[in-house]
Amino acid sequence: MASNSMPEENFEGGDFNYDDDADDDQFVATNSGRKRLFSKELRCMMFGFGDDKNPYTETVDLLEDLVIEYIAETTHRAMEIGRTGRVQVEDIIFLVRKDPRKYARVKDLLTMNEELKKARKAFDEIKYVGTEGKLK
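Throughout this document, residue positions are counted from 1 along each chain, in the order its sequence is written. The model is predicted, so local features are restricted to residues of pLDDT at least 70 and side-chain atom pairs to those at 80 or more, both for listing and for counting; the totals for chains, interfaces and linings are taken over all residues. Heavy atoms from the whole structure form the basis of all side-chain values; hydrogens and water molecules are not counted.

Draft legend 1. A look at the overall build of the protein chain. Helix numbers and strand numbers start at the N terminus; a helix is a DSSP run of H or I with at least 4 residues, a strand a run of E with at least 2. The helix and strand tally for the protein chain stands at 4 helices and 0 strands. Think of it in three bands: residues with accessible area under 20% of the maximum for their type are buried, residues over 50% are exposed, and the middle band is partly exposed, with areas taken using a 1.4 Å probe on protein chains only. Classification of the 136 residues of the protein chain by burial places 15% in the buried group. We call two residues contacting when some pair of their heavy atoms lies within 4.5 Å. Put simply, of all contacts in the protein chain between residues at least 6 apart along the chain, 22% involve residues at least 24 apart. Method for areas: the Shrake-Rupley scheme with a 1.4 Å probe, in which residue coverage is limited to the protein chains shown. Surface summary for the protein chain: the accessible area is close to 11700 Å², and the carbon and sulfur share equals 57%.

Next up, the structure:
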């Protein structure tokens, strides 16, 4: 038999916290010492994309590791372009410009953000005008 060149990993004795409380799920400590930030959201997304309603904790942890690695890598790349040491929206747009799906999603989110800002401002102005009339 040919030997496998990949090292074996030993998962015995890990400190895995199988907490069923949904709100505390975001802050489950792992054996690496990091707190899980996106567990609840990832579980919901996985279910939305066809996974089990309660996916394995190890699967969610692995997916979260990949997400955090992607965010960190993208942030570091964004810090290297444009104004060094600062991440700006234009830097993120520049990084995703060649991926049509990511680019479209970023544009949609930025458009939605602007619409929400305008709606909040209009709502605050209406609320302010309404309270000003009551005071007189």
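Draft legend 2. Geometry of helix α2 (residues 57–80). Here the expected length of a helix is defined as 1.5 Å per residue gap, with one fewer gap than residues. For α2, with 24 residues, the first-to-last C-alpha span of 35 Å sits near the 34 Å given by 1.5 Å per residue. Those residues of α2 that sit buried are T57, V60, D61, E64, T74 and A78. Buried residues along α2 sit against α1 (39–48) and α3 (89–96). One or two residues past the end of α2 sits G82, with phi positive at roughly 65°.

Draft legend 3. Fine view of the side chain of E64. Relative to the assigned elements, E64 resides in helix α2. For E64, a relative accessible area of 0% gives the class buried. Among all residues touching E64, those that are not within four sequence positions of it are K35, R36, L37, F38, S39 and L42.

Draft legend 4. Inspection of the packing of α2 against α3 at higher detail. Between N-to-C directions, angles cover 0 to 180 degrees, with each direction set by a line fitted to C-alpha atoms, over the stretch in contact for helices. Viewed as axis vectors pointing N to C, α2 and α3 meet at an angle of 110°, and their least axial separation amounts to 9 Å. With respect to each other, α2 and α3 are oriented roughly perpendicular. When you trace α2 past α3, the crossing you get is right-handed. On α3, the residues that touch T74, R77 and A78 of α2 are D91, I92 and L95. For classification purposes, angles smaller than 35 degrees are called roughly parallel, those larger than 145 roughly antiparallel, those between 65 and 115 roughly perpendicular, and all remaining angles oblique. Take the far helix as the reference: if the near one is turned anticlockwise from it by less than a right angle, the crossing is left-handed, and if turned clockwise, right-handed.

Draft legend 5. The arrangement of the pattern of salt bridges in detail. We define a salt bridge as a side-chain nitrogen of Lys or Arg found within 4 Å of a carboxyl oxygen belonging to Asp or Glu. Tallied over the entire structure, the rule returns 5 salt bridges. With its nearest N and O atoms 3.4 Å apart, the salt bridge here joins R36 to D61. In this pair, R36 is assigned in the segment before α1 and D61 in helix α2, connecting sequence segments 25 residues apart. By relative accessible area, which is 5% here, R36 ends up buried. The class for D61 is buried, based on a relative accessible area of 9%. Between R36 and E64 there is a salt bridge; the shortest N-O distance is 4.0 Å.

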